[in-house]
Amino acid sequence: MDTAPLIHMANQIASNLAAQGEAAAIEQTAQHLIAFWDPRMKAGILAADPAPLSPIARAAVEQLRG
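Reading the values: the criteria
Residues numbered from 1 in each chain as written. Predicted model: local features only at pLDDT ≥ 70, side-chain atom pairs only at ≥ 80, totals over all residues. Heavy atoms only, no water. Buried < 20%, exposed > 50% of the residue type's maximum accessible area, 1.4 Å probe, protein only. Helix = DSSP H or I, 4+ residues; strand = E, 2+ residues; numbered from the N terminus. Arc of directions from axis to C-beta. Contact = heavy atoms within 4.5 Å. Salt bridge = Lys/Arg side-chain N within 4 Å of Asp/Glu carboxyl O. Expected span 1.5 Å × (residues − 1).

This paragraph deals with helix 4 (residues 55-65). Within helix 4, burial applies to Ile56, Ala57, Ala60, Val61 and Leu64. Seen from one end, helix 4 has its buried residues packed into an arc of 130°, which puts them on one side. On the buried face of helix 4, the contacting elements are helix 1 (4-17), helix 2 (22-36) and helix 3 (39-47).

Here is the structure:
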């Protein structure tokens, strides 16, 4: 699976929510991924190299592991 589009989308979601403050943006980004991404997308982002993710997106993806 090409994870570049998933990384791009996660970064966009995180960027759009960043104005809420870091903690709220992380939580809301994680909730968005949980609610709206299908299992294949979640598995893909979890398997992807996290280096290109923004700090907010990276922290949100880590919450998916939880």
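On we go.
Enumeration according to the criterion identifies two salt bridges in this entry. Arg40 is the salt-bridge partner of Asp38, the closest N and O atoms lying 2.9 Å from each other. Asp38 gets classed as partly exposed once you look at its relative accessible area, which sits at 26%. Residue Glu62 pairs with Arg65 through a salt bridge whose shortest N-O separation is 3.0 Å. Taken together, the residues Glu62 and Arg65, both in helix 4 and three residues apart, mark about one turn of the helix.

The terminal C-alpha atoms of helix 2 lie 21 Å apart, and with 15 residues this matches the ideal 21 Å at 1.5 Å per residue to within 8%. Those residues of helix 2 that fall on the buried side of the exposure criterion are Ala25, Ile26, Thr29, Ala30 and Leu33. All buried residues of helix 2 lie within an arc of 130° about the axis, which places them on one face of the element. Looking at helix 2, the residues exposed on the side facing more than 90 degrees away from the buried face are Ala23, Ala35 and Phe36. Buried positions along helix 2 lie against helix 1, helix 3 and helix 4.

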